[in-house]
Amino acid sequence: QVQLVESGGGLVQPGGSLRLSCEASGSIFSIYAMGWYRQAPGKQRELVATITGGGSPNYADSVKGRFTISRDNGQNTVYLQMNSLKPEDTAVYYCNVDCWTRGWVRSDYWGQGTQVTISS
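On a predicted model such as this, the values are computed, not experimentally measured, just so you know.

Considering unusual backbone geometry
Unusually for a residue other than glycine, Ser84 sits at a positive phi of about 50 degrees. Within the secondary structure, Ser84 is located in the loop between strand 8 (77-82) and strand 9 (91-100). Overall, Ser84 belongs to the partly exposed group, its relative accessible area being 42%. Unusually for a residue other than glycine, Trp104 sits at a positive phi of about 55 degrees. Note that Trp104 resides in the loop between strand 9 and strand 10 (106-110).

The following block contains the structure:
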């Protein structure tokens, strides 16, 4: 019904930058929010940043001032610009879309995840 394609993960040094992208496709009528979550080994998945259909962003305290979430509404694409990366940012990052699909059913959809590793 809805597919998410993620890209942009990789290995960078502390202080470096990465830009993640996620394109949503399928029978999307309207988007409530899109966002990024991450999960490190042995830890729960946690919210990183979200952005509503109206463009209002929300960030975890740990990434405020370093990460920026943005959205291309026409392409149903969400981006996460990650600057000043720290080793503790290392995790698998998952894209999420909360949207209405056929029949105006609201559901969450997830990408497959992309590995982000911060190491010297």
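Past the structure itself, the notes keep going.
Remarks on the sheet that holds strand 8
Ordered by their spatial adjacency, four strands build an open sheet running 1-3-8-7, and the pairing between neighbours is antiparallel. Looking along the sheet, the strands with just one partner apiece sit at the ends: strand 1 (2-7) and strand 7 (67-72). Going across the sheet, the axis of each strand differs from the next one's by a mean of 15 degrees, ignoring polarity.

What counts as what
- Residues numbered from 1 in each chain as written.
- Predicted model: local features only at pLDDT ≥ 70, side-chain atom pairs only at ≥ 80, totals over all residues.
- Heavy atoms only, no water.
- Helix = DSSP H or I, 4+ residues; strand = E, 2+ residues; numbered from the N terminus.
- Buried < 20%, exposed > 50% of the residue type's maximum accessible area, 1.4 Å probe, protein only.
- Pairing = 2+ DSSP bridges.
- Axes fitted to C-alpha atoms, helices over the stretch in contact; angles between N-to-C directions.

Don't take any of this as a statement about function, it's just geometry.
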